[in-house]
Amino acid sequence: MSQTLKKDICELHAPGSQTSQVKNTWIEKCLPPEVQYACLYWVQHLQRGGSHIRDGEETHRFLQTHLLHWLEALGWMRKASEGIQAILSLEAYVPVNNSPDLYVFIHDTKRFALYSRSIIEKVPL
């Protein structure tokens, strides 16, 4: 996902474009099935793999770099709610004592995503 996710992943060059205005075939071209799968299930794979997540490590760096790109992709996929569930799951999984910076980042991400859900669902970019 790190090599795929980017701002304006659907190359619309028009912030404010609504999901209802973009054809599903275009979204599927920009977000092929394997990318959609990764966007939806990366947190579950991380947890089931028993990965230990720490401040400054790969997961933390990924979120710092690609959080908004990931939320944008979920918006185009019409899966913002699933993304919020992944964030909630990640928040519960990260040890607050061992990774305080990452925990706070994920907590703030949760607040942002919950507050912005309707916008992400309608206007991802």
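Residues numbered from 1 in each chain as written. Predicted model: local features only at pLDDT ≥ 70, side-chain atom pairs only at ≥ 80, totals over all residues. Heavy atoms only, no water.

Peer 1: Looking at this structure, how should I read the packing of aromatic side chains?
Peer 2: Aromatic ring pairs: the centre-centre distance and the angle between the two ring planes describe each pair. Considering all chains together, one arrives at three aromatic pairs under this definition. Ring centres of Trp42 and Phe62 lie 5.3 Å apart, and the angle between their planes is 70°; on these two criteria the pair is classed as edge-to-face. Of this pair, Trp42 sits in helix 2 (residues 33-48) while Phe62 sits in helix 3 (residues 58-77), and the two are 20 residues apart along the sequence. On the basis of relative accessible area, Trp42 is assigned to the buried category, the value being 13%. With a relative accessible area of 10%, Phe62 lands in the buried category. (Phe/Tyr/Trp six-rings, centres within 6.5 Å; stacked < 30°, edge-to-face > 60°. Helix = DSSP H or I, 4+ residues; strand = E, 2+ residues; numbered from the N terminus. Buried < 20%, exposed > 50% of the residue type's maximum accessible area, 1.4 Å probe, protein only.)

Peer 1: I keep staring at the pattern of salt bridges and nothing clicks. Help me out?
Peer 2: It is possible for side chains bearing opposite charge to pair when their charged atoms get close. Taken as a whole and judged by the stated rule, the model has four salt bridges. Residues Lys79 and Glu82 are paired through a salt bridge, measuring 3.8 Å at the closest nitrogen-oxygen approach. Judged by its relative accessible area of 29%, Lys79 falls in the partly exposed class. A salt bridge links Lys110 to Glu91; its shortest N-O distance comes to 3.1 Å. Linking Lys110 in helix 5 (residues 100-122) with Glu91 in helix 4 (residues 80-93), this pair joins segments that are 19 residues apart in sequence. (Salt bridge = Lys/Arg side-chain N within 4 Å of Asp/Glu carboxyl O.)

Spatial relationships are all this shows, so hold off on functional conclusions.
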